[in-house]
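This is what each chain is made of:
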Amino acid sequence: DWTMGAYRDEAVANIRKQIGDKRVICALSGGVDSSVAAALIHEAVGDQLTCVFVDHGLLRQGEADEVVGMFRDHMNLQVIHAQEQDLFLDALEGVSDPETKRKTIGRLFIDVFQKYADQIDGAEFLAQGTLYPDVIESVSFSGGPSVTIKSHHNVGGLPEKMGLKLVEPLRELFKDEVRDLGRELGLPAHFIGRHPFPGPGLAIRCPGEITRDKLDILRKADAVYIDQIRKHGLYDEIWQAFVAILPVRTVGVMGDGRTYDYACALRAVTSVDGMTADYYPFSHEFLGETATRIINEVKGINRVTYDVTSKPPGTIEWE
Ligand code: XMP
């Protein structure tokens, strides 16, 4: 009779055996996979684990505090909060090509992670939340033609470069099993149920050039949208929901004045694995109420649209 509790005990024993008295570092993204991997390794080796949370200035409202606060204060992990917003945002200035954004962010992410990791004396292991489907995918695609449409950013190639050995305690698990394990380890339910968030973050939800001004507006609109979704009890029915701020200003009226502000698009999809997706059929009431709230509460947006494209032919993200 196989239970997650038994899996947890076995995984903890294996991690202890692998790591011994050495130190481990982990890039914590706030996603379910890296979070569960970190919690599991922490259970096994305690303070031999140090996590690095890289803040690239492209996170959602309150995200850094939520993640760092939970792991540091609630779960007692050692977490370094790498505040590198300026480094990333300066490097992205004037960049509008989606793949250039990803490459810039991916490259800097590795530099930053390495810089902080170098300050941790005697680290010999790098923890990653690699899942079973990732293992299969990298095996079946190796050597073959590249089928990835977007370069997903992870710390690929980093272990070799830094001379670190990998610890991948989730390699045998599927996503739903990782969630079970996370619950077993005491991660709060709302944290485990969080929608996936892409490594490049808000950069790919801000089509065209990224500015700090647009990011601020986007964060506020996104927070209102997610609040609406939670209030209407729809969060768990949706795979991902977010706002994209469009690189266009439109004319509007507010009181007896004319406005000339950004338009935004709301996105919400259902999906099993992110490979295909359907747009979520919100009611007209929900959409109308949400548009009104965003325009009233977020300075800088005067028009709200809803994206009704499924995947394929669209992608979930706008870039
Ligand atoms: P698309 O937009 O390709 O997204 O339909 C499928 C899933 O992948 C996420 N995504 C990314 N995740 N780095 C990531 O870590 C990326 O560059 C990236 N691009 C897309 C997206 O949020 C969705 O869950």
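Basis of the calculations
Residues numbered from 1 in each chain as written. Predicted model: local features only at pLDDT ≥ 70, side-chain atom pairs only at ≥ 80, totals over all residues. Helix = DSSP H or I, 4+ residues; strand = E, 2+ residues; numbered from the N terminus. Rg over C-alpha atoms; globule rule 2.2 N^0.38 Å. Buried ≥ 20, exposed ≤ 12 C-beta atoms within 10 Å, placed from the backbone. Contact = placed C-beta atoms within 7 Å. UniProt positions renumbered as here; feature names shortened; annotations may be inferred. Expected span 1.5 Å × (residues − 1). Arc of directions from axis to C-beta. Axes fitted to C-alpha atoms, helices over the stretch in contact; angles between N-to-C directions. Parallel < 35°, antiparallel > 145°, perpendicular 65-115°, else oblique. Nonpolar A, V, L, I, M, F, W, Y, C, P; charged D, E, K, R; others polar. Pairing = 2+ DSSP bridges. Core = buried A, V, L, I, M, F, W, Y, C linked by C-beta atoms within 7 Å. Domains from an automatic or database assignment.

Each helix and strand in the protein chain was counted, giving 11 helices and nine strands. By the compact-globule yardstick of 20 Å for 319 residues, the protein chain fits well, its C-alpha radius of gyration being 21 Å. Referenced to the eigenvectors of the C-alpha coordinate spread, the extents of the protein chain come out at roughly 70 × 45 × 45 Å. When the 319 residues of the protein chain are sorted by exposure, 33% land in the buried category. Once local pairs closer than 6 in sequence are excluded, the contacts in the protein chain between residues at least 24 apart make up 75%.

Time to look at the UniProt feature "binding site: ATP" (unreviewed entry) in the protein chain. Mapped onto the present numbering, the UniProt feature "binding site: ATP" (unreviewed entry) falls at Ser29, Gly30, Gly31, Val32, Asp33, Ser34 and Ser35. Relative to the assigned elements, Ser29 resides in the loop between β1 (23-27) and α2 (32-45). Look at Ser29 and you get buried, because 23 C-beta atoms sit within 10 Å. Setting aside chain neighbours within four positions, we find Ser29 in contact with Ser34 and Gly199. Here Val32 lies in helix α2. Residues within four places of Val32 in sequence aside, it is in contact with Val178, Arg179, Gly182, Ile192 and Arg194.

Below, the discussion takes up helix α1 (residues 4-19). In this model, α1 (16 residues) spans 22 Å end to end at C-alpha, consistent with the 22 Å of a helix rising 1.5 Å per residue. What α1 keeps buried is the set Ala11, Ile15 and Ile19. In a view along the axis of α1, the buried residues occupy a sector of 50°, so they form one face of it. Of the exposed residues in α1, those oriented more than 90 degrees away from the buried face are Gly5, Ala6, Asp9, Glu10, Ala13 and Lys17. Where α1 is buried, its residues meet β1, α2, β4 (123-127) and β5 (165-167). Gly20 sits one or two residues past α1 and shows a positive phi near 60°.

In this section: the packing of α1 against helix α8 (residues 175-184). Where α1 meets α8, the closest approach of the two axes is 10 Å, and the angle between their N-to-C directions is 80°. Judged by the angle between their axes, α1 and α8 are roughly perpendicular. Each of Met4, Gly5, Tyr7 and Arg8 in α1 lies in contact with α8, whose residues at this interface are Asp180, Leu181 and Glu184. Looking at the contact of α1 with α8 residue by residue, the classes come out as three nonpolar, one polar and three charged.

Looking now at the pairing of β4. The element β4 is largely enclosed, with a buried count of four among its five residues. One ladder, built from four bridges, connects β1 with β4; its direction is parallel. Of the residues in β4, the one forming a bridge with Ile25 is Leu126. Relative to β5, β4 is paired through three bridges, and the arrangement is parallel. Across the sheet, Leu126 pairs through a bridge with Leu166, a residue of β5.

Turning our attention to the pairing of strand β7 (residues 257-270). Inspection of the sheet shows strand β6 (residues 240-254) paired to β7 by 12 bridges, in the antiparallel sense. If you follow Gly252 over to β7, its bridge partner there is Thr259. Remark: two residues form the turn of the hairpin made by β6 and β7, two consecutive strands paired antiparallel; Gly255 in that turn has positive phi of roughly 65°. Examined bridge by bridge, β7 and strand β8 (residues 278-279) share two bridges and lie antiparallel to one another.

Attention shifts here to the nonpolar core. If you look at the biggest cluster of nonpolar residues, it comprises 77 residues, and the most contacted ones within it are Val24, Cys26, Leu28, Ala38, Ile41 and Cys51. For this core, the element with the highest residue contribution is α2, accounting for nine residues. When we break this core down by domain, the ones giving at least three residues each are domain 1 (4-192) and domain 2 (206-306).

Now for α8. When α8 is considered as a whole, its buried residues turn out to be Val178, Leu181 and Gly182. End-on, the buried residues of α8 take up no more than an arc of 105°, which puts them together on one face. Each element contacted by the buried residues of α8 is listed here: α1, α2 and α9 (189-192). Gly186 sits one or two residues past α8 and shows a positive phi near 90°.

Another point: the environment of Tyr7. Tracing the sequence through the fold places Tyr7 in helix α1. Tyr7 sits 96 residues away from Lys103 along the chain, and the two C-alpha atoms are 37 Å apart.

A few words now on the sheet that holds β1. Strand pairing in a sheet takes place through backbone hydrogen bonds and is either antiparallel or parallel in direction. The strand order across the open sheet formed by five strands is β3-β2-β1-β4-β5, and the pairing between neighbours is parallel. Either end of the sheet is taken by a strand with one partner, and the two such strands are β3 (78-83) and β5. Sheet twist, expressed as the average angle between the axes of neighbouring strands with direction ignored, equals 30°. Of the strands in this sheet, β1, β2 (49-55), β3 and β4 are in contact with helix α5 (residues 98-118), which crosses β2 at around 145°.

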